[in-house]
Amino acid sequence: MPLCDQALPYVRAIAPYQPGKPITQLSRETGIPAERIVKLASNENPLGMSPKAKAALQAAADSLERYPDDFELKAAVAAHTGLDRERIVLGNGSNDLLDIAARVFLAPGRSTVFSRHAFAVYPLASLTAGAELIAVPARNFGHDLDAMRAAVRPDTRLIWIANPNNPTGTFLPYAEIETFLRAIPGDVVVVLDEAYNEYLPAGIDGDSRDWLGEFPNLVITRTFSKIYGLAGLRVGYALASAEVAGLMNRVRQPFNCNNLALAAAAAALGDHEFVARSREVNRAGMEQLTAGFRQLGFEFIPSHGNFVAFRAGDAAAINEKLLRQGVIVRPIAGYGLPEWLRVTIGTEGENRRFLQALEIARE
Ligand SMILES: *Cc1c(COP(=O)(O)O)cnc(C)c1O
């Protein structure tokens, strides 16, 4: 039998993750100098990283011969969240934590529930573990929690919820999630992915951590890739009951977060000024982009993240025309939204470049 036929059938069925196009790649393809390219494709922080994180990173570069020690970052996350360190799991990006959760609770013969148009890593991590996917139709582009609850089968062991969701930016009020948690059997894990939590405006940022005491089946994941501006370092954390965190820590690679990531993340967590500035740039940029969409006549999905999905029509053609003008956004056909593109909120100047390019692209 050919070698690849010997691979696990559920692994062979996986569609590879499609990342945003790197700046250097577009530069090679078009000859546009890298410094003239605007990348708004991967929900990265347009302000870069926190200056405090950068200083910590540079200091940590002096001890890379040592294996990582996660004591300090766990202490920082514990202080930040008010939870004991036994309830914290660190990940090589929160992606790693999603994968770890899947490997702890999913396997062939088990099923997992997620929403259509939800983050691509949920089916990826679930298929890698061999589980059967139950994709629930969306409601107004967001999670339909009632339908998700109804889709739970006796063999369902894990449910994925992104709040806010990527790529749609939809947000579930905390009361709805709480009602959902009460209705879900206690032996089914609910992974609540809060990668964009820090972008929520004051007033709707209820606190999911409060549920951890009541729901030992809840796993909350957060990341340093988005508002903290550390996507390239790969670091995130999960909050769970001590029992579930203990299981996840068994599956985790012993040194899954490197020294530089640990040091930078701990410093970033304490840089409240940078977080506040990032949030403000995002708020202003959201206004700028949505005003632009209204003016140009593009439908968009109101978003609670640092990105907006808009209906481009012939999205592939519009995307190509944007690329030729040196603007990279994200096609989301792979998320079941073939007419839509997702744009990350950039600086004022980047947003302007994008809107100008979009005006030209639609002609
Ligand atoms: C960006 C993102 C993440 C974070 O991924 P990292 O691995 O932490 O970089 C997780 N979930 C969602 C929904 C995201 O959009």
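Quick look at the structure, then.

**Quick notes on the packing of aromatic side chains**
By the definition in use, this model includes 14 aromatic pairs. Relative to tryptophan 211, the ring of tyrosine 174 has its centre 5.8 Å away and its plane inclined at 45 degrees; by these criteria the two rings are tilted. Of the two residues, tyrosine 174 sits in helix H8 (residues 174-183) while tryptophan 211 sits in the loop between strand S6 (189-193) and strand S7 (218-223), which places them 37 residues apart along the sequence. The pair tyrosine 174 / tryptophan 211 is uniform in exposure class, with both members buried.

**Things to note about the pattern of salt bridges**
In a structure, side chains of opposite charge can pair up when their charged atoms sit close to one another. As enumerated under the stated definition, the model contains 19 salt bridges in all. Close ionic contact of arginine 277 with glutamate 273 constitutes a salt bridge, the shortest N to O distance being 3.5 Å. Placement of both arginine 277 and glutamate 273 in helix H11 (residues 272-296) is noted, with a separation of four residues, approximately one turn of the helix. Of the residues examined, arginine 277 reaches a relative accessible area of 35% and is grouped as partly exposed. Each of the salt bridges in this network shares a partner with another, and the network as a whole consists of Glu132, Arg153 and Asp155.

**A word on the sheet that holds strand S3 (residues 111-115)**
Here seven strands make up an open sheet; going across it, the order is S2-S8-S7-S6-S5-S3-S4 and the pairing mixed. Of all the strands in the sheet, just strand S2 (88-91) and strand S4 (132-136) have a single pairing partner and so form its edges. With strand direction ignored, the average angle separating the axes of adjacent strands in the sheet is 20 degrees. On the sheet, H8 packs against strand S5 (156-162), S6 and S7 and is oriented at approximately 165 degrees with respect to S6.

**Topic: the packing of helix H12 (residues 315-324) against helix H13 (residues 348-361)**
Closest axis-to-axis distance for the H12/H13 pair is 9 Å, and the angle between their directions is 125 degrees. When the axis of H12 is compared with that of H13, the two are oblique. Of the two elements, H12 crosses H13, and the hand of that crossing is right-handed. Every residue of H13 that contacts H12 at Ile318, Lys321 and Leu322 is listed here: Phe354, Ala357, Leu358 and Ala361. Along the lines of polarity and charge, the residues of the contact of H12 with H13 split into six nonpolar, no polar and one charged.

**A word on the side chain of arginine 157**
Among the structural elements, arginine 157 can be located in strand S5. Residue classification places arginine 157 among the buried residues on the basis of a relative accessible area of 18%. Each residue touching arginine 157, except ones within four places of it in the same chain, is listed here: Phe105, Leu106, Arg110, Ser111, Asp187, Val188 and Val189.

Rules used throughout
Each chain has its residues counted from 1, following the order in which its sequence is written. Predicted model: local features are reported for residues with pLDDT of at least 70 only, side-chain atom pairs are reported and counted for 80 or more only, and whole-chain, interface and lining totals are derived from all residues. Where side-chain values are given, they derive from all heavy atoms of the structure, hydrogens and water being excluded. Stacked, tilted and edge-to-face pairs are distinguished by plane angle, under 30 degrees for stacked and over 60 for edge-to-face with tilted covering the rest, among Phe, Tyr and Trp rings (Trp via its six-membered ring) whose centres lie within 6.5 Å. Helix and strand assignments come from DSSP, with helices taken as H or I runs of at least 4 residues and strands as E runs of at least 2, each series counted from the N terminus. To sort residues, take the accessible area from a 1.4 Å probe on protein chains only and compare it with the maximum for the residue type: under 20% means buried, over 50% means exposed, and anything in between is partly exposed. A pair is scored as a salt bridge if a Lys or Arg side-chain nitrogen falls within 4 Å of a carboxyl oxygen belonging to Asp or Glu. Here, a strand pair is defined by DSSP locating no fewer than two bridges between the strands. Every axis corresponds to a line fitted to the C-alpha atoms, with the helix fit spanning only the stretch in contact, and the corresponding angles, defined between N-to-C directions, vary from 0 to 180 degrees. Between two residues, a contact is recorded if the distance between any of their heavy atoms is within 4.5 Å. Each angle receives one of four descriptions, namely roughly parallel if under 35 degrees, roughly antiparallel if over 145, roughly perpendicular if within 65 to 115, and oblique otherwise. Helix crossings are classified by the rotation of the near helix relative to the far one: an anticlockwise turn of less than a right angle makes the crossing left-handed, while a clockwise turn makes it right-handed. Any residue outside Ala, Val, Leu, Ile, Met, Phe, Trp, Tyr, Cys, Pro, Asp, Glu, Lys and Arg is labelled polar, Gly included; the first ten of those are nonpolar and the last four are charged.

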